[in-house]
Amino acid sequence: MFTAEYYDARGLLSIYKKVTSGERLNFEDGIGLFNCPDLAAVGALAHHARTALHGDAVYYVVNRQINYTNVCVNNCIFCAFRRDSESDDGAFALSAQDILQRVRAAHDSLSRLDELHIVGGCHPALPLSWFEALLRAVCGDYPDLPIKAFTPVEIAHFAKLAGISTHTVLQRLKAAGLAMMPGGGAEIFDENLRTRLCPRKADAEDWLRISGEAHSLGIKTNCTMLFGHLETCAQRVDHLCRLREQQDKSGGFACFIPLPFLMENSALKLPEAQSGQIRGLDQLRTVAVARLMLDNIPHIKAYWVMLGEKTAQTALWYGADDLDGTIIEEHIGHMAGAHSANGMTLRELESMIRLSGFRPVRRNAVFDALESGQ
Ligand code: V47
């Protein structure tokens, strides 16, 4: 960390004092951090905060992602993954058998999985009973494998199709074996922008309410923010403040994942000067501001799939403490032009962490630390 004089010279003295004394930052502080040209100064504050929480640990998970379908009734303009119907080019909808086969293959090749991450589009016809049967089948075969599945957006969709409350959907999925929920679909909460980006999707209030309902049932969840598209810094800070407020109420967010918008095959087109590799510094800054603003959310993930391996490693020095996992198969980022690998071995993840100067700690879906890497 730099000296108080250094921060004073950059207009960050009061933020420096708050960070070093553990005081909460406010909305204006978040804006100040985005506006400060000295990224290293902002990063050092975030590194101080992450070190206080996690020391030199960086978490990773031996996991398998499965997207059950990309058919989706929502029509989000940033999404390159979705298709209108099963007959469209590139559309897919896996059967329960397909999914079980993929889990079995991953379990056998990795010797043990610590997270199964299942998400998909909002399919117009798959009923809640199909998802309950799927969870029961996986749990029947692998009772110790924690299943992280279904974003608040999918939960809202299942409830609408079944004509029941989201709370009941969550209760039924929990009874069928749901252990944890991923944080997708939060996008950006600002109502005006959200209406432009994803008009049909569950709105900000619903997304937060459903996360809170999950927490009240003892289901931990993650949270995300899609950034680097049409949003302003004020809308990013507002998004972080709303997550922090929800966490004050319900307490079940385990991890925040900042997701940089990837533009390939997306209907949303940005000028070249606002997109691609040149956004790396903004990505690091967003990770750092998230660590500093989200004082009540334990983990910040540098999701290597969307950030790319190099930026993800660097982000570990800008407030992030988690890299996600082995993944094996990923569609959402790669259909939007992600250049990262499709999966990573446990050894590759561990050496990525070690070469960045940190200590790898293996975890499961709910962030229980398992044995540390050698
Ligand atoms: O909800 C969609 C985003 C999310 C694009 O909770 C895009 O542990 C960038 O949420 N460019 C899905 N992003 C991924 C996600 C996630 C991933 C890994 C771990 C966890 C977790 C959650 O990806 C979507 C949306 O916000 N997304 N399109 C795009 N073109």
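Cut-offs and rules
- Numbering of residues begins from 1 in every chain and follows the order in which that chain's sequence is written.
- Whole-chain, interface and lining totals are the exception, using all residues; otherwise, since this is a predicted model, local features are given only for residues with pLDDT of at least 70 and side-chain atom pairs are given and counted only at 80 or more.
- Derived side-chain values reflect all non-hydrogen atoms in the structure, with water molecules and hydrogen atoms excluded from consideration.
- Two strands are counted as paired when DSSP detects at least two bridges linking them.
- Helix and strand assignments come from DSSP, with helices taken as H or I runs of at least 4 residues and strands as E runs of at least 2, each series counted from the N terminus.
- UniProt positions are given in the numbering used here, feature names are shortened, and annotations may be inferred rather than shown by experiment.

Comments concerning the pairing of strand β5 (residues 178-181)
Taken together, the 2 bridges between strand β4 (residues 147-149) and β5 define a ladder with parallel strand orientation. Paired with Ile147 across the strands is Leu178, a residue of β5. By the bridge criterion, 2 bridges tie β5 to strand β6 (residues 220-227) in an arrangement that is parallel. The residue bridging Met181 from the neighbouring strand is Thr221, located in β6.

Focus: the sheet that holds strand β3 (residues 115-119)
Spatially, β2-β3-β4-β5-β6-β7-β8 is the arrangement adopted by the 7 strands of the open sheet, whose pairing is parallel. Lying at the two open borders of the sheet, with one neighbouring strand each, are β2 (63-67) and β8 (299-300). Two elements, β2 and β3, share 5 bridges in a ladder whose sense is parallel. Residue pairing in the sheet places Asn67 in a bridge with Val119 of β3.

Notes on the UniProt feature "domain: Radical SAM core" (unreviewed entry) in the protein chain
According to UniProt, the feature "domain: Radical SAM core" (unreviewed entry) maps to residues 58-298 in the numbering used here. Strand forms 15% of residues 58-298 and helix 43%; the C-alpha atoms that close the span are 12 Å apart.

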